[in-house]
Amino acid sequence: LFGQDPEISQDGNKTDRTWDAGLWVYSALGGYVFEDTNYTDYQDLDTDRMDGPLPGTVVQLYRVINGVREEEPIRETTVGENGRYFFDQLAEGQYQVYFQFPEGYTAVDSPDGEKNPDTNLSDTNDSDCCVFADGDYTNGYTEIITLGYNTVDETWDAGANKLGAIGDYVWYDL
């Protein structure tokens, strides 16, 4: 078996303190990326038209040191058909999650950040993607996450929808 030492036998009443063992405790974080198909800006979990996963979303994890996000991500994954992502074996500390939505998708309004700070949604059905650069809502970050020792936090969700457009030519007929 992995991590198992051979059988240790001890004669009589002797002490042998040369055998050691270690335990590593770590934390993890994750969430769900959803497609807001009915444009409500949150996950509809109890309706006939339940929002589903948004596969193909790239999710990156960044470490934050002294309030500053590091330049390079420490992990990256692409969301599959179940919409879930999960980063494990993390040390306690601060992190930010980055979401790059598939082409044509933009982030939904988030109650946690700049797009819609007045919404009052629970953490189970809102989008936590709330930090955007230069008004580009095709990708964004969560707020800074403080992850404790021996903690699993799977509440960091992100939602996006695909907007359409209609239009044509307008003229003045004399």
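Everything here concerns the structure above.
What counts, and at which threshold
- Residues numbered from 1 in each chain as written.
- Predicted model: local features only at pLDDT ≥ 70, side-chain atom pairs only at ≥ 80, totals over all residues.
- Heavy atoms only, no water.
- Phe/Tyr/Trp six-rings, centres within 6.5 Å; stacked < 30°, edge-to-face > 60°.
- Buried < 20%, exposed > 50% of the residue type's maximum accessible area, 1.4 Å probe, protein only.
- Lys NZ or Arg CZ within 6 Å of the ring centre and 35° of its normal.
- Salt bridge = Lys/Arg side-chain N within 4 Å of Asp/Glu carboxyl O.

(A) Representation of the packing of aromatic side chains within the structure. Evaluated as defined, the whole model comprises 6 aromatic pairs. With 5.7 Å between their ring centres and 55 degrees between their planes, Y85 and F87 make a pair best called tilted. Residue class for Y85 comes out buried when judged on its relative accessible area of 3%. What makes F87 buried here is its relative accessible area of 3%. Relative to Y137, the ring of F132 has its centre 4.5 Å away and its plane inclined at 70 degrees; by these criteria the two rings are edge-to-face. Using a relative accessible area of 27% as the deciding quantity, one classes Y137 as partly exposed. Among the aromatic residues, those joined into a ring-pair cluster are Y85, F87, F99 and F101. Its end group placed over the ring of Y141, R69 keeps NZ or CZ at 3.6 Å from the ring centre.

(B) Focus on the pattern of salt bridges. One pass over the full model with this rule turns up 1 salt bridge. E70 serves as the salt-bridge partner of R63, at 3.8 Å between the closest nitrogen and oxygen. Here E70 falls in the partly exposed class, since its relative accessible area comes to 30%.

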